[in-house]
Amino acid sequence: MSEEKSPRTLKIDVLRYDPNDKNDFPHIERFEVLEADGMTLYIVLNEIREHLDNSLMFDFVCRAGICGSCSMLVNGRPTLACSTLTSKLDAHITLAPLPLFKLIKDLSIYTGEWMRYLNEHLETWIHAKEEVLNFDKLEERMDPALADEIYELDRCVECGCCVAGCGTIQMKPSFVGAVGLNKVARYHLDPRDKRSDEEYYELIGDENGVFGCMTLLGCEDVCPKDLPLQSKIAYLRRMMMKTALKN
Amino acid sequence: MKIIYTDVLIIGGGLAGLRVATGVKERGHDAIILTLVPPKRSHSAAAQGGMQASLANSKMGEGDNEDVHFGDTIRGSDWGADQEVARMFVHCAPKAIRELAAWGVPWSRVQKGDRTAIINAQKVTITEKEEAHGLITARDFGGTKKWRTCYTSDGTGHSMLYAMDNKAHEKEVEIHERMEAISLITDNGRCYGTVARNLMTGELVAYVSKTTTVATGGYGRIYSVSTNAIICQGIGQALALETGIATLGNMEAIQFHPTAIVPVGILTTEGCRGDGGLLLDKDGYRFMPDYEPDKKELASRDVVSRRMTEHIRKGKGVKSRYGDHLWLDITNLGREHIEKNLREVKEICENFLGIDPAVSWIPVRPTQHYSMGGIRTKYTGESQTLKGLYSCGEAACWDLHGFNRLGGNSVSETVVAGMLVAEYISNFCDSPESSMQIHSSKIESALKCEKNKLEALLTKENGEDTYVLRRRMEEIMMDKVGIFRNEKDLQEAVDELEELLKRSKNIEVFRSKSRAANPALVNAYRTQKMLKVALTVAYGALLRQESRGAHSREDFPARDDENWLKRTITSWPDANQTMPSVSYEEIPVATMELPPGFRGYGQDLTKHHHETKMRLSTVEAVQKRLEEEGASRFEIQNALMPYLDKLPKKYRQINERLGENI
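Residues numbered from 1 in each chain as written. Chains lettered and ligands numbered in written order. Predicted model: local features only at pLDDT ≥ 70, side-chain atom pairs only at ≥ 80, totals over all residues. Heavy atoms only, no water.

### Some thoughts on the interface of chain A and chain B
Facing 71 residues of chain A, the contacting portion of chain B comprises 87 residues. Overall, the association of chain A and chain B removes approximately 6500 Å² of surface from exposure, summing both partners, and the carbon and sulfur fraction of that is 51%. The three residues of chain A that bury the most area against chain B are Phe135(A), Glu139(A) and Tyr151(A), which together make up 12% of that side's buried surface. Where chain A packs against chain B, one counts 13 salt bridges. Glu50(A) is the partner of Arg471(B) in a salt bridge, and the nearest nitrogen-oxygen pair spans 2.6 Å. Here chain A is connected to chain B by 44 residue pairs in polar contact (both at pLDDT 80 or more). It is helix H3 (residues 144-154) of chain A that contributes the most residues to the side of chain A that touches chain B, seven residues altogether. Here the residues of the side of chain A that touches chain B are counted per class, giving 30 nonpolar, 13 polar and 28 charged. (Contact = heavy atoms within 4.5 Å. Buried area = accessible area lost by both parts, 1.4 Å probe. Salt bridge = Lys/Arg side-chain N within 4 Å of Asp/Glu carboxyl O. Polar contact = N/O pair within 3.5 Å; in protein donor to acceptor, adjacent residues only side chain to side chain. Helix = DSSP H or I, 4+ residues; strand = E, 2+ residues; numbered from the N terminus. Nonpolar A, V, L, I, M, F, W, Y, C, P; charged D, E, K, R; others polar.)

Right, here's the structure in full:
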C-alpha cells in the first residue's frame, strides 16, 4: 500500500445521451472526483452515480477484468474500465461509449445483440460428426499442448474493443471483425470440430471475412486479453488462399 | 399489454440456466432465457480454479471415484448436505465434464512423463502414466482427498460458460437480454412465469409459462465486500420469497473465501494454494501448519478463513489503511507455472494491485464468496411448496453443500443440476398436468401491480434515499453476520435490518425519473428485495445456536447434531410482515450413507445425535457383510442408500475410468 500523498481531483468528462429522452442530445458532462489509492474507473463511476448523479448509466458485472462488460473509450481508446487504474491516467479523463454498437444510454451499449448475431452467423460451436455421444465412456483424448493453444484463443471475452478499434468496420459494418476471425481460428484449430476447410471458406472467404481486413490491426493494439489477433488473421488468410487455389 | 407464452421460462443465463435451456430444447420444449446481461457475462465466467469430477486420470487422482468425491462433499458440508442429492451429483459430474469436453471446453490435459509440482512447500516429481496421456487432468483443491479439480488454466468458468452459451446458440434457445424478472406470477399454488422489466426501455412484459426456473446465482452483494459479480444480489431468492408460498433453505450458510485481494475483494483462485501457494503473516511466517497440521493451507475453505481471522486477531495481520490482511505467496511456483496455469490471477494482480505475483506477495483476506443457501427444492429442482417453480445452481438449495461448499463443486453443480433439472422439467411438461390454467385477468393484475409499485417509487416525495439504506445493510451484514458470529451482534443486525426494511417501503427515487433505462430506479426496487434476503440470512444465523461449517457461533462453538441437524426454512407468507417466518426441516440420520462424524479440523466438540451411533453400526455391519460376500462398491452403496432410481434413466450408467469399468 503506497504512501499517503495529497490526492488529485480527477476531472471526468463523460459523453452522455439518453436515446429514450426526446429532448436529450449528446453532450459532455464533467464530474469531479477526489482520487483514492488503487482507484479504478469502476470505483470512479460508482462514486459519481452514488454522490453526484444517480441517473448515470454504465455496465459493470464482474468488475475484475473477466466478463468484458465495461468496455468504453477512455481518452479515446477502447479498453475495459474496471481494470483501468486512474493512477495510470492524467487527472483529466474523457469517457465515451464504445462506437458502432447500439447505444442504450450514456456509457451503456448493447454488445450482446451484436455478438449473438456474430456467433450465430459464424456458427461458433463444435460441429461434431456423431449425433449422440456416450458420456459414460472415457473422454476423447487431446494433445495437452493443443488444448493449451485452443484455450489461448478461447480467452476472448467479447468486450468489443477490437470492433471499436477496427478501421475496416467503420467503412463496412458487415465485417466480422477480429473477434469473429479469432473465433473461426479457434474452431479451425479444434479437432472436435469437423468442418472442412471449404466450409470455413464459405463462412469467411470474402470481403466480410478475412479478405476484408485492411491490416490496420488496431484490434491487436487494444485487445485487453492480448490475444494474438494479428498472427491469427494472417494464418487464416494463408489458409483461405490455399483453399481457394485448391478449388 | 405484452404477454409472451412459452413452455419453459428460465430466469438467469449462467451455466445452470443455459444447461436447463439446452436440455429442455433437446426434449422438444420451447425455452426462453431472461437475463440481466449477455449470458457470456454471467458470474459463472468468474469461476477460475476448476470443476470437480472424479475422473482419476492424473497420477495424484489415482484411486478417486464417486465414493471418495461423495465422502469429501458430505464432510465438507459438515453433514448438512442432502446425501441422496450428493450421490446423484458425484455420479453425474464425470458425465457432465465429458459432455462439456465434447461441446468444446479445452480442458487442460495429462502430459505423460515427469513433471515438477510443489506440495507442502517442497518440490516433488510426479510421473504421469502413459495411458493417461491426453485425458483431462486435475489439480489439488481444499478439503479433497484426491486431486480432482479439472481446469482450463484458471479460466475454467469462462471456458465452460462460452461452450455452454455456444451450445445454446446451436440449439436455438431464445435469449431475452436485459430483461429483469421483478415478480413471479402465481395462481392457485402454482407458478406461471414472471413479470419482467426491460432494462433498456422500461417496458413491462408478462412471460407466462408452464414452468419457471430461477437460476440467478447467489446473494453475495448483500455484503459490502464480496468476490461476487455486482449482479449477484439475491433477487432470485427474493422473487421466490415474495410469492409467499415458495421457501428458502439455510440462508445463513454463507461461505467466505480465504484469498480475495485487499481492498477490492476480487478473488484469487484456490488453485493458488492447490498448486502449492502459501499463506504468510506479517512476519512472513507460514502459520497454517500450526492450526491445521494435516491439511494446512488446503483445509476446507471455512476452516482456512476462520484460522486466518483468528491469526489476524492475534495481531499477526499486516496493517493497511483498508484494515489488516495476510499474504498469499505464490512466488515459489515460478513464473512459468503462474503465466500458464494462473494467468487470470497474474492479470488481476497487475491490474488491481500493480504487482507481479511471480515476485511479490499478494495481500489477501477472507471475503464473502458463496451462498450455500437458496430456494429450497426437492431433488428434482422443484420448489417443495410452489408447483411449477424450479431452481438450480447457486440460486437453489437442493441441498448439495450443506453448511460449506468444497472448492470446485460450484461450477460442477451448475452443469450437473442443469442437466438433471432439464429432464425433470421435461417430464413434467410431457405430462397432461402441465397444461396451464390461469385466467388472463390474473396476468393483467400482476402486471398492473408491478407498474404501480414502480410508479410509487418514482413519484414518492420526501422519501428515503436508497443508497443510505443499501450501504447500511451491507455494513451490518459485513460487521455482524460475518465469519464469526454471536448473539449480541446478530440480534442487533436483525433489529436494524428490520428497521431498514420498514424504511425501504418509503424509498423515493431522487432526480432520476426516467421510466426507461434508469439505474436509480433499478437500485431502488432491488434494494427493497435485498433487505428481505438479508433478513433471512441474519435471522437464520441468530436462531441457529450451534457452529456448523461456515456458520460459526462464538457463543455456541460445538456442532450440535441432537438439536440442529436440520435445515432452516424461511418464507414470507404475508407481504406486510417485517420479518421472515422460520421453520425447520429434519435431516434424517437413519437413512444416511455416511453418518455424522468428525470433520477432522481442530478440536472435536460435536454433540452427536442420539441415532448416530446406531446408524453407524448398521452401516459398518452392512459394509462388512457385503465386502465378505465379495460385493462391488456399487452394490454396497446401493444397500446403504439407494438413489439411482431418482436419476433420469439416461444418466444411470456406470462411469468408465482408467483401469475401472472399461
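Moving on from the model shown.
### Comments concerning helix H9 (residues 229-246) of chain A
Since the α-helix packs 3.6 residues into each turn, any two residues three or four apart lie on the same face. All names here are of chain A. With 18 residues, H9 extends 26 Å from end C-alpha to end C-alpha; this agrees with the ideal 26 Å at 1.5 Å per step. Among all positions in H9, only Leu229, Lys232, Ile233, Leu236, Met239, Met240 and Thr243 are buried. End-on, the buried residues of H9 take up no more than an arc of 130°, which puts them together on one face. The exposed residues of H9 that point more than 90 degrees off its buried face are Arg238, Lys242 and Leu245. Of the surrounding secondary structure, the elements contacted by the buried residues of H9 are H3, helix H4 (161-164), helix H6 (177-189), helix H7 (197-204) and helix H8 (218-222). (Expected span 1.5 Å × (residues − 1). Buried < 20%, exposed > 50% of the residue type's maximum accessible area, 1.4 Å probe, protein only. Arc of directions from axis to C-beta.)

### Here's the deal with the layout of surface pockets
Of the volumes computed, that of the largest pocket is approximately 1400 Å³. Considering the residues around the largest pocket, the lining is formed by 48 residues, among which Tyr42(A), Asn46(A), Arg221(B), Ile230(B) and Arg471(B) are closest to the centre. Listed by contribution, the elements that provide at least two residues to the lining of the largest pocket are helix H1 (41-52) of chain A together with helix H13 (466-480) and helix H15 (519-543) of chain B. Per element, the largest residue contribution to the lining of the largest pocket is seven residues, and it comes from H1(A). Considered class by class, the residues forming the lining of the largest pocket number 24 nonpolar, 10 polar and 14 charged. (1 Å grid on protein atoms, 1.4 Å probe; cavity = no way out; pocket = protein on both sides within 12 Å on 5 of 7 lines; lining within 4 Å. Points joined across faces, edges and corners; volume = space filled by probe spheres on them.)

### Comments concerning the nonpolar core
Counting residues in each nonpolar core, the largest one holds 136 residues, and the members touching the most others are Leu95(A) and Trp107(B). Excluding residues within four positions of it along the chain, Trp107(B) makes contact with Ala147(A), Met51(B), Ile97(B), Leu100(B), Ala101(B), Ile136(B), Cys150(B), Tyr151(B), Thr152(B), Thr156(B) and Met160(B). Counting residues in hydrophobic clusters, the runner-up holds 68 residues, among them Val214(B), Ile443(B), Ala493(B) and Leu521(B). (Core = buried A, V, L, I, M, F, W, Y, C linked by side-chain atoms within 4.5 Å.)

### Some remarks on the side chain of Asp165(B)
Residue and element names in this part refer to chain B. By the secondary structure assignment, Asp165 is in helix H4 (residues 156-170). Asp165 gets classed as buried once you look at its relative accessible area, which sits at 3%. In terms of polar contacts, Asp165 uses its side chain to reach the side chain of Lys40, at 3.1 Å. Ignoring sequence-local partners within four residues, the contact set of Asp165 consists of Leu18, Pro39, Lys40 and Ile175.

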